[in-house]
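Secondary and tertiary structure notes
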Amino acid sequence: MRFVFAIVAFVVAALMIAVGVAQRTIFAGPDTVAAVAEVTEPAPLLLVDGAALNTFDGRQTIKVGGEGTLFAAYGRTSDVMAWIGDAAHNSIEWDADAQEFRTVFHAGDEAAVPNPFGSDLWLAEFKQENEISLAVSLPDDVSLLVATDGTNPAPTDVRVVWPMTVSKPWSGPLIIGGAALLLVGLLLLLWAIVHLRRSRGPRRSQPKDPDDPTPPRIGRFKPKADAAVPPLRQSGRRAIRPMVAGVPLVISALLLSGCAPSELPDFITGDVPLQTSSPKDAAGTGDAEQQEAPPAVALTERQADRIITQVGTAVTQADAELNADLAATRLAGPALELRKANYSARAIDSAIAPVVPAIADNPIQLLLPQQTDTWPRVVFAVTREAPPEPEPTQAPGDGTDAGETQPTEPSEETPAAPSVALMLVQESPRSQYKVHYAMTLTSDLPELAPASLGTARLPLDSKLLAIDPAQVVPMYADILQKGAESEYADMVKIEGDPVIAAYGAEKKAERAATLAEANAAITYTSAAGSGDPYVLATNDLGAIVAVNLNETETVKPSTAGAAVNSVGAIKALSGRDQSTKGFTAIYGMQLLFYVPGLGDDGEQIVLLGYSQGLIGAAEVN
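Residues numbered from 1 in each chain as written. Predicted model: local features only at pLDDT ≥ 70, side-chain atom pairs only at ≥ 80, totals over all residues. Heavy atoms only, no water.

**Focus: the side chain of N90**
- Inspection of the secondary structure assignment puts N90 in strand β4 (residues 89-95).
- Within polar-contact distance, the side chain of N90 engages the backbone oxygen of E41 at 2.6 Å.
- With near-sequence residues (within four places) excluded, N90 lies in contact with V39, E41, P42, A43, L45, L46, L47, T103, V104 and F105. (Helix = DSSP H or I, 4+ residues; strand = E, 2+ residues; numbered from the N terminus. Polar contact = N/O pair within 3.5 Å; in protein donor to acceptor, adjacent residues only side chain to side chain. Contact = heavy atoms within 4.5 Å.)

**Brief notes about the nonpolar core**
- Formed by 30 residues in total, the largest nonpolar core has its most connected members in I62, F101 and L144.
- If you list the elements that add at least two residues to this core, you get β1 (32-38), β2 (45-48), α2 (50-53), β3 (60-76), β4, β6 (124-136), β7 (142-147) and β8 (157-163).
- The biggest single contributor to this core is β3, with five residues.
- Discounting residues that sit within four places of it in the chain, F101 has contacts with A35, V36, A37, A52, I92, E93, W94, V160 and W162.
- Judged by nonpolar contacts, the second largest core, of 26 residues, contains I467, V473, V595 and Y610. (Core = buried A, V, L, I, M, F, W, Y, C linked by side-chain atoms within 4.5 Å. Buried < 20%, exposed > 50% of the residue type's maximum accessible area, 1.4 Å probe, protein only.)

**Things to note about the packing of aromatic side chains**
- Summed over the entire model, instances satisfying the criterion amount to nine aromatic pairs.
- Relative to F117, the ring of F71 lies with its centre 6.2 Å away and its plane at 90°, an arrangement referred to as edge-to-face. With a gap of 46 residues between them, F71 in strand β3 and F117 in the loop between β5 (100-106) and β6 connect regions that are remote in the sequence.
- Among the residues examined, F71 registers a relative accessible area of 1% and is labelled buried.
- Centroid distance W83 to W122: 5.7 Å. Interplanar angle 55°. Geometry classified as tilted. Of this pair, W83 sits in helix α3 (residues 77-84) while W122 sits in the loop between β5 and β6, placing them 39 residues apart in sequence.
- Judged by relative accessible area, which is 2%, W83 ranks as buried.
- Members of the aromatic cluster, joined through ring pairs, are F56, W94, F101 and W162.
- The side chain of R430 reaches across the aromatic face of W83, ending 4.9 Å from its centre. (Phe/Tyr/Trp six-rings, centres within 6.5 Å; stacked < 30°, edge-to-face > 60°. Lys NZ or Arg CZ within 6 Å of the ring centre and 35° of its normal.)

**A closer look at the environment of E553**
- Looking at the element boundaries, E553 is found in strand β17 (residues 543-557).
- For the pair formed by E553 and I522, sequence separation is 31 residues and the distance between their alpha carbons is 6.7 Å.
- Once you skip the residues sitting within four places of it in the chain, E553 turns out to touch R511, I522, T523, Y524, F583, T584, A585 and Y587.
- Polar contacts involving the side chain of E553 include one to the side chain of R511, which spans 2.4 Å.

**Regarding the environment of D325**
- Considering the arrangement of structural elements, one finds D325 in helix α8 (residues 324-327).
- Separated by 15 residues in the primary sequence, D325 and K340 have C-alpha atoms spaced 9.1 Å apart.

**Description of the pairing of β4**
- A large share of β4 lies buried, amounting to five of its seven residues.
- Here four bridges tie β2 to β4, and the two strands are oriented parallel to one another. Paired with L47 across the two strands is S91, which belongs to β4.
- Across seven bridges, β4 lies against β5 in antiparallel orientation. Following the sheet pairing, D95 is matched in β5 by E100.
- In this antiparallel pair of consecutive strands, β4 and β5, the connection spans four residues, and Q99 shows a positive phi of 55°. (Pairing = 2+ DSSP bridges.)

**Let's talk about the pattern of salt bridges**
- Throughout the structure, instances matching the rule amount to 12 salt bridges.
- One salt bridge connects D79 with R377, and the closest N-O pair in it is separated by 2.9 Å. In this pair, D79 sits in helix α3 while R377 sits in strand β10 (residues 377-384), placing the two residues 298 residues apart along the sequence. Residue D79 shares its accessibility class with R377, and that shared class is buried.
- R576 is the salt-bridge partner of E619, the closest N and O atoms lying 3.3 Å from each other. One end of the pair, E619, is in strand β21 (residues 606-619); the other, R576, is in the loop between α13 (568-574) and β19 (578-579), and 43 residues separate them in sequence.
- Judged by relative accessible area, R576 falls into the partly exposed class, the value being 39%.
- Residues joined by salt bridges that share partners form a network here, namely R76, D79 and R377. (Salt bridge = Lys/Arg side-chain N within 4 Å of Asp/Glu carboxyl O.)

As structure tokens, then:
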């Protein structure tokens, strides 16, 4: 019977293991689910909605096919729709009733759009010939835009594949149970073999004396205590027995190692079994109490890194080539006005210094985007050039080699790289971010919100600040003209202000006295520049304010028949080196202030950074 039980155990174990393995292989089913879009109406743009991309759970694999150069990008759905605007386009949506993609054509006023490649709105973009394949995990509020060049029809072959995780709760128990039963069968088989050998061992028949029914007793052999018995070397079937005993353990370990926790039901692992991928309902899934979504910000840190790099590359090349058109692709407002004048002057006189500060693709030290989903959008960023790596010096050797290379000690006289504050503005969805203000920071910034949260843009007539932002320019211009005698002198921190120190009332008086000795007179006027002011709230209920102030200097001869000479940039821009009428020079100032909140009694307005340069010069009419 032991052999019968062993055979039955082997058969049942084989069946259990076979069924368990079949569940994971033959009967496992497909491991992905796919949806294909059929586009019949040509359009320059194809939108794959974020909700459609999240029809099934899991990472989305998106494949776009077509002829020629293909383009794909994803961004926030609201941004993508704003970029599309009134353009004709197809949208791919999920039809819950038919359980398939459906394409909807949207007729628009624009039959062609600008090339979408390189837009600052995209979180990521891709460009490739004939086919684009993406493996992404996009949330519901992020959509995919597919196009070619904005003029030709968009690709029509779009396929989305999701992974399908099929639960196999009984595969693991069947394999484990089969392995255990196989072990039992092997033990029964060994038991049966051992019992059989014992029951059929050699038996000696003893002669029987008819007169004495008791057989003779056979003495037992007792080895001596000091007798050394050499170990016998096992061979043949006896040597195989220990190996046979270990086979069940090896087989069981191999079978159990192939059973992942996902193959076990919840009463074994304690976990909830995985669900088969299925379409989400129209209402979506989630907790009963949805958390309030964070406010939308103008751009993400990843977008800002890419944009600042592109801005720095374009402006650096424009500075080297004196190319105002190239600079205009990434500059606007006072920042572009200053560089245009500098390029014109340097084209005439190469000895003229370039504009300061330089705008390079330096790492972002601080990012403060505006909280908004409309346009225009404002972003404040601070970049700083990375310090140069210390140059190695040659340490003296022992006469046989050149010695070890050691870094030099940083010099206290070497100034640290300046931080540059940039105010970037995107006027419309299809336009690029452009730098309107570029200023060297001269003071510590107040506490600002993190980039993920962003901040609010305040109006120019905000009553939440100590002074209306619109009054900052005339107030500061009055201080530059009158100094401590200005009625606003107590409202601004004059001590340590580099602009007041270099261009304030005292410096103006000194220059007027110097020109008077040369039979010339100078007058100053100030006015708000052409740049728009930008006001962003700080964490302490104050604000940082970027404004533009223009100062005009007019130098005329003070005696009849005398002439005034011009040099440098004034000479280059005016086209004259001497005039009996005099010269007018306009200097543009880009200023960044901190304005305290309304309740901060006694706190002064502080200059945080500035840039200044000649933006125009001409002979007096």
